[in-house]
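# Structural features, examined
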Amino acid sequence: MQTAPFIAVARHRINLDGEGVVTLACFGGCPLRCKYCINPQCFEPHDSWKSLTAEQLYEQTKPDELYFLATRGGVTFGGGEPLLRTAFIREFRALCGDLWTLSVETSLNVPEQAVKDLLPVINHWIVDVKDMNPDIYASYTGKENTHVIQNLKLLAENTQPQHVTIRLPIIPNFNTETDRQKSIGQLRQIGFDKFDLFDYTIKK
Ligand code: SF4
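Description of the structure in this document. (Residues numbered from 1 in each chain as written. Predicted model: local features only at pLDDT ≥ 70, side-chain atom pairs only at ≥ 80, totals over all residues.)

Before going further, it helps to spend a moment on the site of the ligand. Surveying the vicinity of the ligand reveals the residues C30, L32, R33, C34, C37, N39, C42, G79, G80 and S107. Residue classes in the shell around the ligand are distributed as five nonpolar, four polar and one charged. (Near = placed C-beta within 6 Å. Nonpolar A, V, L, I, M, F, W, Y, C, P; charged D, E, K, R; others polar.)

Across four bridges, strand 6 (residues 124-128) lies against strand 7 (residues 164-170) in parallel orientation. Each residue of the ladder has a partner; that of I126, found in strand 7, is T165. You can see the chain leave strand 7, run along helix 7 (residues 177-190) and come back into strand 8 (residues 195-199), and the turn it takes is right-handed. (Pairing = 2+ DSSP bridges. Helix = DSSP H or I, 4+ residues; strand = E, 2+ residues; numbered from the N terminus. Right-handed = clockwise from strand over helix to strand, strands pointing away.)

Look at helix 7: 20 Å from first C-alpha to last across 14 residues, which is about the 20 Å you get at 1.5 Å a residue. If you check which residues of helix 7 are buried, you get R180, S183 and L187. Looking down the long axis of helix 7, one finds its buried residues gathered within 55 degrees of arc, a one-sided arrangement. Exposed residues lying more than 90 degrees from the buried face of helix 7 are T178, Q181, G185 and Q189. (Expected span 1.5 Å × (residues − 1). Buried ≥ 20, exposed ≤ 12 C-beta atoms within 10 Å, placed from the backbone. Arc of directions from axis to C-beta.)

With that settled, the discussion passes to the sheet that holds strand 2 (residues 21-27). Overall, mixed pairing links the eight strands, which are arranged 3-1-2-4-5-6-7-8 in an open sheet. Bordering the open sheet on either side are strand 3 (50-53) and strand 8, each of which pairs with just one other strand. Going from strand to strand, the sheet's axes swing by 30 degrees on average, the running direction of each strand aside. Bridge count between strand 1 (residues 3-14) and strand 2: six bridges; the pairing is antiparallel. Counterpart to F6 in the pairing with strand 2 is F27. Helix 1 (residues 54-61) contacts strand 1, strand 2, strand 3 and strand 4 (74-78) of the sheet and is inclined by roughly 90 degrees relative to strand 3. In the packing of helix 7 onto the sheet, the strands contacted are strand 7 and strand 8, and the crossing angle to strand 7 comes to about 160 degrees. (Axes fitted to C-alpha atoms, helices over the stretch in contact; angles between N-to-C directions. Contact = placed C-beta atoms within 7 Å.)

In contact at an axis separation of 9 Å, helix 1 and helix 3 (residues 86-96) are set at 50 degrees when each is read in the N-to-C sense. Classified by the angle their axes make, helix 1 and helix 3 are oblique. Our pair here, helix 1 against helix 3, has a crossing hand that is right-handed. Across the interface between the two elements, A54, E55, L57 and Y58 of helix 1 pack against F88, E91, F92, L95 and C96 of helix 3. A per-class count over the contact of helix 1 with helix 3 returns seven nonpolar, no polar and two charged. (Parallel < 35°, antiparallel > 145°, perpendicular 65-115°, else oblique. Left-handed = near helix turned anticlockwise from the far one by under 90°.)

Right under this line is the structure:
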């Protein structure tokens, strides 16, 4: 059984990272370098990362099963980028069965195959789109958003819109409310209608 690196596993998060009671499991490793990343410790391998097998994570999360079932909660995989760890997540689904809600918090800036691998095992996709404008996206994350747009289309074709939440922040010095409204328009055309709109607060 393979291991995966984690920067944190947090229990009893209520209505923060998906519906109901959730354990948030954050993988190390991310392809992006967002300027205001709140988890920069996920960028490079670090002594604080903890290696776990899917079975070990399952043993850690199982004590909350009753809460998960009563609230339609479960485990949300974040990061870092959880779509770099699709084999682990599939293994975890085989261990926990079909009744837990499994969610991912992802940038979708990964090869298409990663999304295809997880379509059968993920109930809810929380997609951190940043901004649909390629120039804004590149200046904020250091990467192009070509994969993101391809994967959004793939997701729209293969999931119900209510199973996808799109996160769209206002990012100080990078985008504006006008930019965000343009992103919303493009995303509605692709087929999404559930948006989480918020503003980043930058500490001075
Ligand atoms: S996608 Fe998330 S974890 Fe990765 S650099 Fe951006 S904010 Fe940080």
